[in-house]
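# Chain and residue survey
The primary structure of each chain is shown beneath.
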Amino acid sequence: MHVIPSKFPGLQPSIFSVMTALAKKHQAINLAQGFPDFDCDDKLKELVSKYMEAGKNQYAPMRGIPELLERIAYKIKQLYQQNISALDHITITAGATQAIFTAIGCMVSPGDEVIVFEPAYDSYIPAIHAFGAKAVPVRLKAPDFGIDWNQVAAACTDKTKMIIINTPHNPTATIWTSKDLHQLWSIIKDKNIFILSDEVYEHILFDGQIHHSIISHPELFQRAFAVFSFGKLFHNTGWKTGYCVAPTALSKEFRKLHQFNVFSVHTPTQYALADYLSDPDVYLNLSGFFEQKRNFFIEQLKDSAFQLLPCAGSYFILADYSSISEEPDTVFAHRLATQHGVATIPISPFYSEETSTKIIRFCFAKTKDVLEQAIDKLISI
Ligand code: PMP
Ligand code: GLN
């Protein structure tokens with residue numbers, strides 16, 4: 001009998017797939033996996049068709065079509081006042097996931113260490129392990145999930161190659177301030193450490209807060225890969241289109257790997273996005289759009305047994321259910337989906353070590369109607 005050795009014996013199916021499958025099986029309302037239940041703009045779909053009809057159906061250039069790269073460089077200039085070279089600094093990717101995997105893959109080697117803040121988005125650590133490096137978790141401190149910078153400094157060793165940051169943060173919905181960027185710089189400036197900055201929720205910040213991109217900090221940017229997702233921006237997560245912004249030398253390394261694991265990304269979509277981005281309102285209005293949903297969700301659940309935690313950005317909100325149940329979060333989330341008809345995400349899978357929490361994550365990127373149906377179920381618990 002031929003034995004197939006598993007390179008990843010401990011790796012389980014992602015919690016997002018698990019909870020979405022559970023929601024489908026039990027016809028539960030899916031506030032679990034992070035995707036909108038409403039469609040993207042018809043105009044954007046029409047643009048993709050237009051470019052398909054126009055014959056834009058062959059390989060795009062490896063880094064992306066110049067029209068889209070230029071639009072992104074312009075957007076960055078407007079938002080973060082930095083001059084980015086469209087051709088040298090930006091690479092269009094198959095979603096942020098591929099950008100994350102490629103940025104990690106082109107930098108880390110066996111024996112290297114990568115610092116991740118936990119709870120951490122689920123793709124980081126498997127990617128670190130896939131390239132033979134070690135993940136070094138630094139815990140964000142509940143209940144506000146702030147960063148202990150002394151702990152970060154202590155976690156840095158001669159082997160530290162990279163630190164992965166994420167703002168607005170999934171799953172805690174916290175955001176970084178400019179002070180956080182300065183703290184990070186003061187820790188790494190005399191070390192050979194690079195940064196992977198996951199900024200897929202760049203345009204979803206609430207209460208008038210602004211996004212502090214790593215790109216806005218010129219010294220940090222010289223060491224950074226910043227990754228973004230059009231799926232999160234334009235309500236079309238299934239299109240799996242994103243991009244990575246990095247200085248020339250790092251982009252060169254990134255593209256060495258990118259050319260052999262993807263080469264290039266869906267051509268008509270790139271042309272469509274380039275046109276669509278000509279109107280800045282399509283991204284500048286996103287915070288207001290989701291802030292209404294967040295406020296509605298919080299207001300409706302204020303008298304429920306769930307204690308909602310602060311939500312400064314992203315389209316997720318955490319809830320403490322300890323006044324309802326003593327069950328571990330995975331058990332509670334399973335019961336909530338199967339018995340009460342609402343699927344959510346437990347947050348213990350976002351930790352590398354076994355962690356007991358009484359916290360689940362809701363995704364509020366849903367229509368008002370669906371949020372109301374979920375709220376009806378949640379307030380009766
Ligand atoms: N990073 C974070 C923090 C996410 O929540 C997600 C999910 N969208 C991704 C990366 C992956 O983005 P994409 O769907 O563009 O691959
Ligand atoms: N980013 C989404 C979330 O956090 C899920 C993406 C995925 O399913 N891989 O829910």
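Above this text is the structure in question.
First things first, this report covers the structure right here in the doc. As the structure is a computational prediction, the values presented were derived from the model and not from experiment.

### Comments concerning the pairing of strand E6 (residues 194–198)
Residues in a regular strand point their side chains to alternate faces of the sheet. The element E6 is largely enclosed, with a buried count of five among its five residues. On E6, burial covers both faces: Phe 194, Leu 196 and Asp 198 on one face and Ile 195 and Ser 197 on the other are all buried. Where strand E5 (residues 160–166) lies against E6, five bridges are found, and the strand directions are parallel. Directly across from Ile 163, in E6, lies its bridge partner Ile 195. Where the polypeptide runs from E5 across helix H8 (residues 178–188) and back to E6, its parallel neighbour, the crossover connection is right-handed. As paired elements, E6 and strand E7 (residues 224–229) share four bridges and run parallel to each other.

### Overview of the site of ligand 2
Neighbouring ligand 2 are the residues Phe 16, Gln 33, Gly 34, Tyr 121, Asn 170, Tyr 201, Lys 232, Phe 316 and Arg 361. Gly 34 places a polar main-chain atom, nitrogen or oxygen, 2.6 Å from an oxygen atom of ligand 2. Between an oxygen atom of ligand 2 and a side-chain N or O atom of Asn 170, the distance comes to 2.8 Å. Relative to its free-state accessible area of 300 Å², ligand 2 is covered by the protein chains to the extent of 78%.

### Observations concerning the packing of helix H5 (residues 95–107) against helix H11 (residues 248–261)
For any two helices packed against each other, one specifies the crossing angle of their axes together with the interaxial distance. Two elements in contact, H5 and H11, have axes whose closest approach is 9 Å; the angle formed by their N-to-C orientations is 115 degrees. In this view, H5 runs roughly perpendicular relative to H11, as classed from their interaxial angle. Relative to H11, the crossing made by H5 is right-handed. On H11, the residues touching Gln 98, Ala 99, Thr 102, Ala 103, Gly 105, Cys 106 and Met 107 of H5 are Leu 250, Glu 253, Phe 254, Leu 257, His 258 and Asn 261. The residue inventory of the contact of H5 with H11, partitioned by class, reads seven nonpolar, five polar and one charged.

### A few points about the packing of aromatic side chains
Between two aromatic rings, the relevant description is the distance of the centres plus the angle of the planes. Taken as a whole, this structure holds 25 aromatic pairs when the rule is applied. Aromatic side chains Phe 225 and Phe 254 sit 6.2 Å apart centroid to centroid with 35 degrees between the ring planes, which places their arrangement in the tilted category. In this pair, Phe 225 sits in strand E7 while Phe 254 sits in helix H11, placing the two residues 29 residues apart along the sequence. Per residue, the accessibility class of Phe 225 equals that of Phe 254, and both read buried. Aromatic rings pair up to connect Phe 38, Tyr 201, Phe 289, Phe 290, Tyr 315 and Phe 316 into one cluster. Above the ring of Tyr 283, the side-chain terminus of Lys 75 is found at 4.9 Å from the ring centroid.

### Some remarks on the site of ligand 1
In the region of ligand 1, 13 residues are neighbours, and Thr 97, Asp 198, Tyr 201, Lys 232 and Lys 240 sit closest. Between an oxygen atom of ligand 1 and a main-chain N or O atom of Ala 96, the distance comes to 2.8 Å. Out of a free accessible area of 390 Å², ligand 1 has 94% covered by protein chains. With four residues, the top contributor of residues to the shell around ligand 1 is H5.

Rules of the game
- Residues numbered from 1 in each chain as written.
- Chains lettered and ligands numbered in written order.
- Predicted model: local features only at pLDDT ≥ 70, side-chain atom pairs only at ≥ 80, totals over all residues.
- Heavy atoms only, no water.
- Buried < 20%, exposed > 50% of the residue type's maximum accessible area, 1.4 Å probe, protein only.
- Helix = DSSP H or I, 4+ residues; strand = E, 2+ residues; numbered from the N terminus.
- Pairing = 2+ DSSP bridges.
- Right-handed = clockwise from strand over helix to strand, strands pointing away.
- Near = heavy atom within 4 Å.
- Polar contact = N/O pair within 3.5 Å; in protein donor to acceptor, adjacent residues only side chain to side chain.
- Areas by Shrake-Rupley, 256 points an atom, 1.4 Å probe, with all protein chains shown as cover.
- Axes fitted to C-alpha atoms, helices over the stretch in contact; angles between N-to-C directions.
- Parallel < 35°, antiparallel > 145°, perpendicular 65-115°, else oblique.
- Left-handed = near helix turned anticlockwise from the far one by under 90°.
- Contact = heavy atoms within 4.5 Å.
- Nonpolar A, V, L, I, M, F, W, Y, C, P; charged D, E, K, R; others polar.
- Phe/Tyr/Trp six-rings, centres within 6.5 Å; stacked < 30°, edge-to-face > 60°.
- Lys NZ or Arg CZ within 6 Å of the ring centre and 35° of its normal.

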